[in-house]
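In case you want the letters, here they are:
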Amino acid sequence: MRRLMVTGGAGFIGSNFVRYMLEKYPDDFIVVYDKLTYAGRLENLQDVAERFGDRYAFVRGDICDAERVEATLRRFDVDTIVNFAAETHVDRSLMEPGSFIQTDVYGTYVLLEATKKLGLERYHQVSTDEVYGQVLEGRSVESDPLQPRSPYSASKAGGDLMVLAYHESWGLPVTISRGSNNVGPYQYPEKVVPLFATNAIDDLPLPLYGDGMQKRDYQYVLDHCEGIDVVLHRGEIGEIYNIGTGSELTNLEMTRIVLRTLGKPESLIKHVEDRPGHDRRYALDVSKLKALGWESRHTCEEAIEKTVRWYAENEWWWRPIKSGDLYREYYRQQYGKRLAE
Ligand code: NAD
Ligand code: TYD
């Protein structure tokens, strides 16, 4: 029985994790603590609030706000923090890195301080394969050096190093998981799979960066959530665990799966100017987590197909986002010139 504070729980992976945990552990209590940035949405948790009312609470707050973090931990008698809160989109980190450093590095520090002050039982940091940097050959293992190459991945690496520093310096009971690219329900349509699926549904072009030969390990979000659950229950304190399928697709292969699932033509693919500093490949060795009994349940292809079907069946969720001023302005900045060329 646990009392968790899930920071960033109104975002994509966080909301899937909260639903998964409340379903699986009938005695757990979860308070979601989330700033509700453009990526955090209460709609993602609508059914959770209805189904698990007495075991679930929501607090709007910034992880950089130490007073509010501490007050929330005390009010709900929390014993475990699982930190998903972050600025997460590489392209946005290239437009405006400041908020990434603020939330992903400073915010992590605030949560660690609170963990130390209140003597919590566990702090889990949700991190990413991107902290290893691009891996042209072989697979990243947890002891590899960190060589992040974008403001996003550099900020996440800073967060990871701070978590490890608090473990070394004060014995904080921490764990870290590093996940590969997630796909699934409620992912904001700036990330490639939901962007391409929703564009294709509307017969709009799919802006594929560069040659489309970059490789990513696309995992289903609930496989990732299950991995985090295994780390929380069976992981060793002070340890890092990679989570992914252990295989990969090129972006062009991923795009073809999206189009095939929707029955749309490949003529929608438009090669556009590449992302600056675009990492060519990420690849994880996931044997350390497998040794704890975890197994990925979907291949990259199955994960993408299932995700695309969800977007086709849940226009209520993404249409209001894509037609909003905020999104349209982002799309114009990010793709206007690229698609016009
Ligand atoms: P997301 O962008 O969908 O959600 C992020 C959430 O954090 C939002 O609800 C947002 O409101 C909240 N948030 C942002 N800044 C905050 C702040 N200062 N205080 C409180 N809340 C704040 O992100 P996601 O894709 O669900 O990713 C969740 C975590 O998993 C991140 O830490 C990310 O680095 C990591 N991760 C993501 C992927 C992926 O493929 N999406 C892969 C591996 C790891
Ligand atoms: P993304 O979903 O942004 O995740 P990440 O950069 O964190 O891996 O992008 C996944 C891959 O898709 C990445 O190689 C960049 C590429 N991509 C495009 O080709 N076009 C796009 O419009 C976007 C958003 C991404």
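Scroll up a little and you will see the structure.
Everything numeric in this text was worked out from a predicted model, so none of it was measured. (Residues numbered from 1 in each chain as written. Chains lettered and ligands numbered in written order. Predicted model: local features only at pLDDT ≥ 70, side-chain atom pairs only at ≥ 80, totals over all residues. Heavy atoms only, no water.)

Can you help me understand unusual backbone geometry in this one?
Unusually for a residue other than glycine, Leu36 sits at a positive phi of about 55°. Inspection of the secondary structure assignment puts Leu36 in the loop between β2 (29–34) and α2 (46–51). Owing to a relative accessible area of 18%, Leu36 belongs among the buried residues under this scheme. Phi at Tyr186 is positive, roughly 70°, even though this residue is not glycine. Its location among the elements puts Tyr186 in the loop between β7 (182–183) and α7 (192–201). (Helix = DSSP H or I, 4+ residues; strand = E, 2+ residues; numbered from the N terminus. Buried < 20%, exposed > 50% of the residue type's maximum accessible area, 1.4 Å probe, protein only.)

Just checking my understanding: could you explain the pairing of β2 for this structure?
Consecutive side chains along a regular strand alternate between the two faces of the sheet. Most of β2 sits out of view: six of its six residues are buried. Side chains of β2 alternate between two faces, with Phe29, Val31 and Tyr33 and Ile30, Val32 and Asp34 buried alike. As paired strands, strand β1 (residues 3–7) and β2 are joined by five bridges and run parallel to one another. Its bridge partner being in β2, Thr7 is matched across the sheet by Tyr33. As a crossover connection, the stretch from β1 through helix α1 (residues 12–24) into β2 is right-handed. (Pairing = 2+ DSSP bridges. Right-handed = clockwise from strand over helix to strand, strands pointing away.)

It is not clear to me how the site of ligand 2 should be interpreted in this structure. Could you clarify?
Taken together, the neighbourhood of ligand 2 is formed by 21 residues, with Glu130, Pro207, Arg275, His278 and Tyr335 sitting nearest. The contact in question runs from an oxygen atom of ligand 2 to an N or O atom on the side chain of Glu130, over 2.5 Å. Contact between ligand 2 and Pro207: a nitrogen atom at 2.8 Å from a main-chain N or O atom of the residue. Counting residues per element, the ones that place at least two in the shell around ligand 2 are α4 (90–95), α7 and β8 (206–209). (Near = heavy atom within 4 Å. Polar contact = N/O pair within 3.5 Å; in protein donor to acceptor, adjacent residues only side chain to side chain.)

Before we go on, may I ask you to explain the sheet that holds strand β6 (residues 174–179) in this structure?
Paired through their backbone hydrogen bonds, the strands of a sheet run either parallel or antiparallel. Reading across from one edge, β3-β2-β1-β4-β5-β6-β11 is the order of the seven strands in this open sheet, with parallel pairing throughout. A strand with exactly one partner marks an edge of an open sheet, and here the two such strands are β3 (56–60) and β11 (240–243). Here the strands of the sheet are splayed against their neighbours by 20° on average, with no regard to which way each runs. Alignment of β2 against β3, held across five bridges, turns out to be parallel. Bridging from a neighbouring strand, Tyr33 pairs with Val59 of β3. (Axes fitted to C-alpha atoms, helices over the stretch in contact; angles between N-to-C directions.)

In this structure, what is going on with the nonpolar core? I would like to understand it.
Across soluble globular proteins, nonpolar side chains show a tendency to be buried alongside one another. Counting 36 residues, the largest nonpolar core has Val193, Phe196, Tyr218, Met254, Val258, Ile304 and Trp317 as its most contacted members. Elements with a minimum of two residues in this core: α7, β8, α9 (251–262), β13 (269–272), α11 (300–313), α12 (315–323) and α13 (325–340). With residues near it in sequence (within four places) discarded, Met254 still touches Val192, Val193, Phe196, Tyr218, Leu249 and Ile304. Residues Ile13, Ile228, Val231 and Leu284 belong to the second largest nonpolar core, which totals 34 residues. (Core = buried A, V, L, I, M, F, W, Y, C linked by side-chain atoms within 4.5 Å. Contact = heavy atoms within 4.5 Å.)

Can you help me understand the packing of helix α3 (residues 66–75) against helix α5 (residues 98–118) in this one?
Helix packing geometry: the angle between the two helix axes and the distance between the axes. Interaxial distance between α3 and α5 falls to 10 Å at its minimum, and their mutual angle equals 45°. If you check the angle between α3 and α5, you find them oblique. Taken as a pair, α3 and α5 cross one another with a handedness that is right-handed. In contact with Ala66, Val69, Glu70, Leu73 and Arg74 of α3, α5 contributes Val110, Leu111, Ala114, Lys117 and Leu118. The residue inventory of the contact of α3 with α5, partitioned by class, reads seven nonpolar, no polar and three charged. (Parallel < 35°, antiparallel > 145°, perpendicular 65-115°, else oblique. Left-handed = near helix turned anticlockwise from the far one by under 90°. Nonpolar A, V, L, I, M, F, W, Y, C, P; charged D, E, K, R; others polar.)

Quick question: what am I supposed to make of the site of ligand 1 here?
Inspection of the region around ligand 1 gives 29 residues, with Ile13, Asp34, Thr88, Tyr152 and Lys156 positioned closest. At a separation of 2.9 Å, an oxygen atom of ligand 1 approaches a polar backbone atom of Gly11. In isolation ligand 1 has 830 Å² of accessible area, and contact with the protein removes 97% of it. Where the shell around ligand 1 is concerned, the elements lending two or more residues are α1, β5 (122–128) and α6 (151–170). (Areas by Shrake-Rupley, 256 points an atom, 1.4 Å probe, with all protein chains shown as cover.)

Please explain the pattern of salt bridges as it appears in this structure.
Where charged atoms from two side chains of opposite charge approach closely, those side chains can pair. Tallied over the entire structure, the rule returns 28 salt bridges. Ionic pairing is found between Glu305 and Arg260, a salt bridge with its closest N-O pair at 3.5 Å. Here the residue Glu305 occupies a position in helix α11, and Arg260 occupies one in helix α9, the gap between them amounting to 45 residues. On the basis of relative accessibility, which here comes to 51%, the residue Arg260 falls in the exposed class. Here Glu341 makes a salt bridge to Lys337, at a shortest N to O gap of 3.6 Å. The exposure classification of Glu341 matches that of Lys337, with both residues exposed. (Salt bridge = Lys/Arg side-chain N within 4 Å of Asp/Glu carboxyl O.)

Would you mind showing me how to read the packing of α7 against α11 here?
In the contact formed by α7 and α11, the axes pass within 10 Å of each other and the chain directions differ by 50°. Compared by their axis directions, α7 and α11 come out oblique. Once α7 is placed against α11, the crossing between them reads as right-handed. Contacts from Val193, Pro194, Ala197, Thr198 and Ile201 of α7 reach α11 at Ile304, Thr307, Val308, Tyr311 and Ala312. Classifying every residue of the contact of α7 with α11 gives eight nonpolar, two polar and no charged.

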